[in-house]
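Structure assessment
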Amino acid sequence: MKKHNFSAGPCILPQEVMQQTAAAVLDYDNGLSLIEISHRSKAFVDIMENARALVLEHLQLEGKGYKVLFLQGGASTQFLMVALNLLEKRAGYLNTGTWSKKAIKEAQIFDDIYEVASSENANYNYIPKGYDIPKEYDYFHCTSNNTIFGTQMKDFPECDIPFVCDMSSDIFSRQLDFTKFDLIYAGAQKNMGPAGTTLVIVKEDILGQVSRHIPSMMDYKVHISKSSMFNTPPVFAVYTSMLTLEWLKKLGGIASIEKINEKKARLMYSEIDLNPLFKGFATKEDRSFMNATFTLVNEDLKETFDTMWKDAGINGLNGHRSVGGYRASMYNALPLDSVKVLVEVMSELERKA
Ligand SMILES: *Cc1c(COP(=O)(O)O)cnc(C)c1O
């Protein structure tokens, strides 16, 4: 039986993408597997070009000076790479949770970092608002969706300096004016593909401003000059990501998936709010449409509830240890029906209890 996969990452991917990928691993190009063809072959160069074009098309960034890279090392490597490429004197960071904090820690290796605001005092259950971003800073960095705490930025600040955003867990899930951002990065494994590649979209004109020597593998300009093939690219992850982006296009793009994501989130949060046995973690106005965090009011029901959702074929519902309770991750590929199954289990618990 296929599982209802609410895992936070690596996460569910469209079933048809899995099937196409599986076939390509066996035979992609005249008896050669996808994972044994040369990355310099036309077959792979076409995949890479198509993947890059689809990214710009989905985000409506074509012809606006942005370059698309598929790198390795996860979003975690971007914490460091952003600082190496952009940080000369001082940068401003919005601290909204574990991932922001890790980004701050890596950047601190180089220079001065200033937290423009933080929600650490409330265990990151909200998004700070109304802070200033000093104009003299090199860049501003924020995390659009806080995967662990289940909060999401609904609005983004006005920003006159280069704007960097970690969109690992909500990229391609909602419509935004992506031209607001100068550098967007995202590990593939939350909404786009398997682990193994990290998407970077960067406006070329913000690069080349720092005085330090940047090692080649860490230098965005080097990767741009080699069309994201400076070294052997992660062919499997890039191909699977390309298929997911094609799947999204067939579905009607971000505008269509956003409507479905809203439906899933509304259904999930209305159950959390109406069912007296559960309590939401994040402040209502900042709730994430990707990761819903909630706890049982009465922990004595934990064993019963855990057995019930597991029996219903649900996977990956346990919350992160820093929040506890439960986390329902509802990424693009999770069907509305899976949310219906979970909500049904929650109401069943209420009837029983
Ligand atoms: C998962 C996640 C990361 C870390 O990604 P890796 O690819 O595992 O390094 C960073 N930021 C956010 C917002 C995430 O959800």
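Rules used in this analysis
Residues numbered from 1 in each chain as written. Predicted model: local features only at pLDDT ≥ 70, side-chain atom pairs only at ≥ 80, totals over all residues. Heavy atoms only, no water. Salt bridge = Lys/Arg side-chain N within 4 Å of Asp/Glu carboxyl O. Helix = DSSP H or I, 4+ residues; strand = E, 2+ residues; numbered from the N terminus. Buried < 20%, exposed > 50% of the residue type's maximum accessible area, 1.4 Å probe, protein only. Near = heavy atom within 4 Å. Polar contact = N/O pair within 3.5 Å; in protein donor to acceptor, adjacent residues only side chain to side chain. Areas by Shrake-Rupley, 256 points an atom, 1.4 Å probe, with all protein chains shown as cover. Nonpolar A, V, L, I, M, F, W, Y, C, P; charged D, E, K, R; others polar. Phe/Tyr/Trp six-rings, centres within 6.5 Å; stacked < 30°, edge-to-face > 60°. Contact = heavy atoms within 4.5 Å. Pairing = 2+ DSSP bridges. Axes fitted to C-alpha atoms, helices over the stretch in contact; angles between N-to-C directions. Expected span 1.5 Å × (residues − 1). Domains from an automatic or database assignment. Arc of directions from axis to C-beta. Core = buried A, V, L, I, M, F, W, Y, C linked by side-chain atoms within 4.5 Å.

1. Quick look at the pattern of salt bridges
- Inspection of every chain in the model, using the stated rule, returns 17 salt bridges.
- Notably, a salt bridge pairs K135 with D160, separated by 3.2 Å at the nearest N-O pair. Remark: D160 occurs in the loop between β7 (151-152) and β8 (163-166) and K135 occurs in the loop between β4 (112-118) and β5 (140-143); sequence separation between them is 25 residues.
- Residue K135 is classed as exposed on the basis of its relative accessible area of 61%.
- For D160, a relative accessible area of 61% puts it in the exposed group.
- With a closest N to O distance of 3.7 Å, E158 and K180 form a salt bridge. Here the residue E158 occupies a position in the loop between β7 and β8, and K180 occupies one in the loop between β8 and β9 (183-187), the gap between them amounting to 22 residues.
- When its relative accessible area of 69% is taken as the criterion, E158 is described as exposed.

2. Observations concerning the site of the ligand
- If you check the shell around the ligand, you find 13 residues, and the closest are S76, T147, D166, Q189 and K190.
- Within the side chain of Q189, one N or O atom sits 2.9 Å away from an oxygen atom of the ligand.
- With respect to the ligand, the side chain of K190 contributes an N or O atom lying 2.6 Å from an oxygen atom.
- Taking 390 Å² as the accessible area of the ligand by itself, protein coverage stands at 87%.
- Looking at the shell around the ligand residue by residue, the class counts come to three nonpolar, eight polar and two charged.

3. Remarks on the packing of aromatic side chains
- Tallied over the full model, the rule gives 16 aromatic pairs.
- Judged by centre distance (5.2 Å) and plane angle (75°), the ring pair of Y28 and Y239 falls under edge-to-face. On the criterion of sequence distance, the pair formed by Y28 in the loop between α1 (15-26) and α2 (42-58) and Y239 in helix α6 (residues 235-251) is long-range, its members being 211 residues apart.
- Under the relative-accessibility criterion, Y239 is labelled buried at 6%.
- Residues F149 and F281 carry aromatic rings whose centres are separated by 6.4 Å and whose planes lie at 35° to one another, so their mutual orientation is tilted. Remark: F281 occurs in the loop between β11 (278-280) and β12 (291-296) and F149 occurs in the loop between β6 (145-146) and β7; sequence separation between them is 132 residues. Comparing F149 with F281 shows no difference in burial state: the two are buried.

4. Some remarks on the environment of L13
- With respect to the secondary-structure elements, L13 resides in the loop between β1 (4-5) and α1.
- For the pair L13 and G193, spaced 180 residues apart in sequence, the C-alpha separation works out to 6.8 Å.
- Not counting the four nearest positions on each side in its chain, L13 is found in contact with M18, M192, G193, P194, T240, T244 and A333.

5. Quick notes on the sheet that holds strand β3 (residues 90-95)
- Ordered by their spatial adjacency, seven strands build an open sheet running β2-β10-β9-β8-β5-β3-β4, and the pairing between neighbours is mixed. Edge strands, defined here as strands with exactly one partner in the open sheet, are β2 (66-71) and β4. Neighbour-to-neighbour, the strand axes of this sheet turn through a mean angle of 20°, independent of strand direction.
- In the sheet, β5 pairs with β8 via four bridges, with the strands oriented parallel. Bridge pairing in β8 links T143 to D166.
- Contacts from helix α4 (residues 98-107) reach β3, β4, β5, β8 and β9, with the element oriented near 160° to β3.

6. Describing α2
- With 17 residues, α2 should cover 24 Å at 1.5 Å per step; its first-to-last C-alpha distance of 24 Å lies within 8% of that length.
- Considered for burial, the residues of α2 that qualify are A43, F44, I47, M48, A51, R52, L54, V55, L56 and H58.
- Buried residues along α2 sit against β2, β10 (198-203), α6 and α7 (253-274).
- In the segment just after α2, Q60 is the residue with positive phi, at about 55°.

7. Observations concerning the domain arrangement of the chain
- Examined at the domain level, the chain breaks down into domain 1 (15-251) and domain 2 (254-352).
- Of note, the centres of domain 1 and domain 2, computed from C-alpha atoms alone, are 27 Å apart.
- Linking domain 1 with domain 2 are two salt bridges, by the criterion used here.
- Of the charged contacts, one joins K129 and E285 as a salt bridge, the two residues approaching to 3.3 Å between their closest N and O atoms.
- Scanning the region where domain 1 abuts domain 2 turns up 18 residue pairs in polar contact (both at pLDDT 80 or more).

8. Remarks on helix α8 (residues 302-311)
- Buried within α8 are the following residues: F305, D306, M308 and W309. Taken end-on, α8 shows its buried residues confined to a sector of 165°, consistent with a single buried face. Away from the buried face of α8 by more than 90 degrees, exposed residues E303 and D311 are located.
- Among the structural elements, β11, β12, β13 (314-315), β14 (326-329) and α9 (336-352) are those in contact with the buried residues of α8.
- G313 sits one or two positions beyond α8 and adopts a positive phi of about 85°.

9. Some points on the nonpolar core
- Membership of the largest hydrophobic core comes to 82 residues, with the highest contact counts inside it found for F140, F172, I201, M268 and F305.
- Shared between two domains, this core takes at least three residues from each, and those domains are domain 1 (15-251) and domain 2 (254-352).
- Residue contacts for F172: discarding those within four places in its chain leaves V55, H58, L59, M192, L199, L245, L248, I254, I257 and N332.
- One finds L71, F79, M81 and L87 within the second-largest nonpolar core, a separate group that totals 29 residues.

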